[in-house]
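# Structure assessment
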Amino acid sequence: MADVKSHYPPNLRRGSDAAWAKAEKAFFTPNYNPQRRLAIVRGRGSYVWDANGRRYLDFVAGISVNSLGHCHPRITRAIRAQAATLVHASNLYYIPMQI
């Protein structure tokens, strides 16, 4: 597995949930304010891990998404192939895989 923390800003590579919350207050526009309590930093299957290394069963999908689990090889391949073609398009347009 690649070192996922290498993609984080330097000040958050060893950050706790509290460090992520502090960064949010400094850099996010406050137009969306959920009551976040965790910094989810990785996932595998039905589980996610927070910045403190605790494991949780991920039974929350997202906003307008399906819960497909995390890092399944077939889903990862499909996402990689799609991203090489088109990452996102509005529902105002037809896209081939939609129909």
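Everything below is about the structure shown above.
Below, the structure is looked at part by part. (Residues numbered from 1 in each chain as written. Predicted model: local features only at pLDDT ≥ 70, side-chain atom pairs only at ≥ 80, totals over all residues. Heavy atoms only, no water.)

## Observations concerning the overall build of the protein
The line we're drawing: The helix and strand labels rest on DSSP assignments: H or I over at least four residues marks a helix, E over at least two residues marks a strand, and numbering proceeds from the N terminus. In this scheme, a residue with accessible area under 20% of its type's maximum is buried, one over 50% is exposed, and one in between is partly exposed, where area comes from a 1.4 Å probe on protein chains only. The contact criterion used throughout is that any non-hydrogen atoms of two residues lie within 4.5 Å. Only the protein chains shown count as cover for residues, and the accessible areas themselves come from Shrake-Rupley with a 1.4 Å probe.
When helices and strands are tallied, the protein shows 2 helices and 3 strands. From first element to last, N terminus to C terminus, the protein shows the α and β order α-β-β-β-α. Across the 99 residues of the protein, 12% fall into the buried class. Partitioning the intrachain contacts of the protein with sequence separation of at least 6 by distance along the chain shows that 29% fall at a separation of at least 24. Carbon and sulfur atoms make up 58% of the accessible area of the protein, which amounts to about 8700 Å² in all.

## Some words on the sheet that holds strand E1 (residues 40-44)
The condition is simple: Paired strands, as defined in this entry, are two strands with at least two bridges between them according to DSSP. To get an axis, fit a line to the C-alpha atoms, keeping to the stretch in contact for a helix; angles then go from 0 to 180 degrees between the N-to-C directions.
Taken in spatial order, the 3 strands of this open sheet run E1-E2-E3, and their pairing is antiparallel. Strands at the two margins of the open sheet, each flanked by one partner only, are E1 and strand E3 (55-57). Pairwise comparison of adjacent strand axes, ignoring direction, gives a mean angle of 30° for this sheet. Examined bridge by bridge, strand E2 (residues 47-50) and E3 share 3 bridges and lie antiparallel to one another. Along E3, the bridge assignment pairs Tyr47 with Leu57.

## Side note on the packing of aromatic side chains
Which entries qualify depends on this criterion: A pair of aromatic rings is counted whenever rings of Phe, Tyr or Trp (Trp by its six-membered ring) have centres within 6.5 Å, and the orientation is called stacked for planes under 30 degrees apart, edge-to-face for over 60 and tilted otherwise. A ring has a charge above it when a Lys NZ or an Arg CZ is no more than 6 Å from the ring centre and no more than 35 degrees off the ring normal.
Under the definition given, this model contains 0 aromatic pairs. The ring of Trp49 is capped by Arg42, whose NZ or CZ atom sits 3.9 Å from the centre of that ring. Sitting over the face of the ring of Tyr47, Arg55 holds its NZ or CZ atom 4.0 Å from the ring centroid.

## Remarks on the side chain of Asp50
Short version of the rule: What qualifies as a polar contact is a pair of N or O atoms within 3.5 Å, subject to a donor-acceptor requirement within protein and to the restriction that residues adjacent in sequence count only when both atoms come from side chains.
Among the structural elements, Asp50 can be located in strand E2. Overall, Asp50 belongs to the buried group, its relative accessible area being 2%. At 2.9 Å, the side chain of Asp50 forms a polar contact with the backbone nitrogen of Gly53. Polar contacts involving the side chain of Asp50 include one to the side chain of Tyr56, which spans 3.0 Å. Apart from the residues lying within four places of it in its own chain, the contact partners of Asp50 are Asp17, Leu38, Ala39, Ile40, Val41 and Tyr56.

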